[in-house]
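Here are the chains, one letter per residue:
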Amino acid sequence: MAASVLNRRASQMWCLLKGIWPLYAPLPVSTCCNLIQVANYNSRPLRLNIKDAYIPDWNSERTPEWQKTDKFERKLYGRLGSASGVDPTRLLPSPEQLSEMVAEERGWYPSLQEMQKNIAVKERELAKKRQAREKLIAANMAKMPMMVAEWRREARELKQKQREEKVRRERLLAEARERFGYALDPRSPKFQEMVKEIEKEEKKTRKLLKRRKKEEESRSETPAQAPAT
């Protein structure tokens, strides 16, 4: 009895597994490559009239506002002509718009006479600048020999000044070596102080020489004035 029940349950289990197994079994390569995806729904067809030109319904609320403007109507009339249903008389500018267009055209696009006048003014200005430049060049060329001579004189004076400065520097260094017994750095405070003292002495000497020269000149003038008196 128990054996028959066990056999019956085993057969039921085998049938169950046999029915489920094909669902999880891997498909062969040929079967996978031949699979085709099929849509399970059908989209609604678009009811569009692509044969005739699109003309919006200006009285409909669903029409966008930019399709109700004069600019769009002008474009539509220019593309389709009278088939657009647009009245061309409404596309002409009003007197106010026409005056604005004329003022804008005068501001941005001058007339031929105005352009010729502006060109003549610019040419006169360029000619005046060219004449002034040529005059300046001629004047500078006339001054060139004098300027070259002046430059050479300044160069000679600069070289002479550099030589004198070099001699004075060497003299001061030698005097500092003689006074202190060793060479000093020209940047040291001791050397700078010595230079100030020497300059002060030279200044006093120049003043004394100048005073003596004046005294000698006054003495030489006094005997010359005595016979006149």
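For the structure itself, consult the block above.
Worth saying up front: this structure is predicted, and the values here are computed from it rather than measured.

Enquirer: Talk me through the nonpolar core; I want residue IDs and the actual numbers.
Expert: With 7 residues, the main nonpolar core is built from Leu172, Ala176, Leu184, Phe191, Met194, Val195 and Ile198. Listed by contribution, the elements that provide at least two residues to this core are helix H5 (112–180) and helix H6 (189–225). Among the elements that make up this core, the one with the highest residue count is H6 (4 residues). Aside from chain neighbours lying at most four places away, what touches methionine 194 is Leu172, Glu175, Ala176, Arg179 and Phe180.

Enquirer: Break down the environment of methionine 194 for me, citing the residues and quoting the values.
Expert: With respect to the helices, strands and loops of the structure, methionine 194 is situated in helix H6. Along the chain, methionine 194 and leucine 172 lie 22 residues apart, while their C-alpha atoms are 8.7 Å from each other.

Enquirer: Please give an account of H5 that cites residues and values.
Expert: A turn of α-helix holds 3.6 residues, and therefore any two residues three or four places apart point the same way. Methionine 144 marks the point of greatest bend in H5, at about 50°, and the proline proline 145 comes within the next four residues. Of the residues one or two after H5, glycine 181 is the one with positive phi, at around 90°.

Enquirer: Mind laying out the pattern of salt bridges, listing which residues take part and the relevant values?
Expert: Where charged atoms from two side chains of opposite charge approach closely, those side chains can pair. All chains considered together, the criterion is met by 5 salt bridges. Put simply, glutamate 199 and arginine 168 hold a salt bridge, and the shortest N to O gap is 2.9 Å. Linking glutamate 199 in helix H6 with arginine 168 in helix H5, this pair joins segments that are 31 residues apart in sequence. A relative accessible area of 25% places arginine 168 in the partly exposed class. Between glutamate 202 and arginine 171 there is a salt bridge, with the nearest N and O atoms lying 3.4 Å from each other. Here glutamate 202, found in helix H6, pairs with arginine 171, found in helix H5; they are 31 residues apart in sequence, far enough to count as distant. You can call glutamate 202 partly exposed: its relative accessible area is 27%. Residue arginine 171 is classed as partly exposed on the basis of its relative accessible area, which comes to 37%. Through salt bridges that share partners, Glu150, Arg153 and Glu157 make up one connected network.

Enquirer: Could you give an account of the side chain of glutamate 73, naming the residues involved and the relevant values?
Expert: Looking at the secondary structure, you find glutamate 73 in helix H3 (residues 70–80). Residue classification places glutamate 73 among the buried positions, given a relative accessible area of 5%. Apart from the residues lying within four places of it in its own chain, the contact partners of glutamate 73 are Trp58, Lys68, Val86, Arg90 and Leu91.

Enquirer: An account of H3 is requested, with residue identities and associated values reported.
Expert: Listing the buried residues of H3 in full gives Phe72, Glu73 and Leu76. An end-on view of H3 places all buried positions within 100° of arc, on one side of the element. Those residues of H3 that are exposed and aimed more than 90 degrees away from the buried face are Lys71 and Gly78. After H3 finishes, the residue glycine 81 shows a positive phi value of roughly 75°.

Calculation criteria
- Residues numbered from 1 in each chain as written.
- Predicted model: local features only at pLDDT ≥ 70, side-chain atom pairs only at ≥ 80, totals over all residues.
- Heavy atoms only, no water.
- Core = buried A, V, L, I, M, F, W, Y, C linked by side-chain atoms within 4.5 Å.
- Buried < 20%, exposed > 50% of the residue type's maximum accessible area, 1.4 Å probe, protein only.
- Helix = DSSP H or I, 4+ residues; strand = E, 2+ residues; numbered from the N terminus.
- Contact = heavy atoms within 4.5 Å.
- Bend = angle between axes of the 7 residues up to and from the residue.
- Salt bridge = Lys/Arg side-chain N within 4 Å of Asp/Glu carboxyl O.
- Arc of directions from axis to C-beta.

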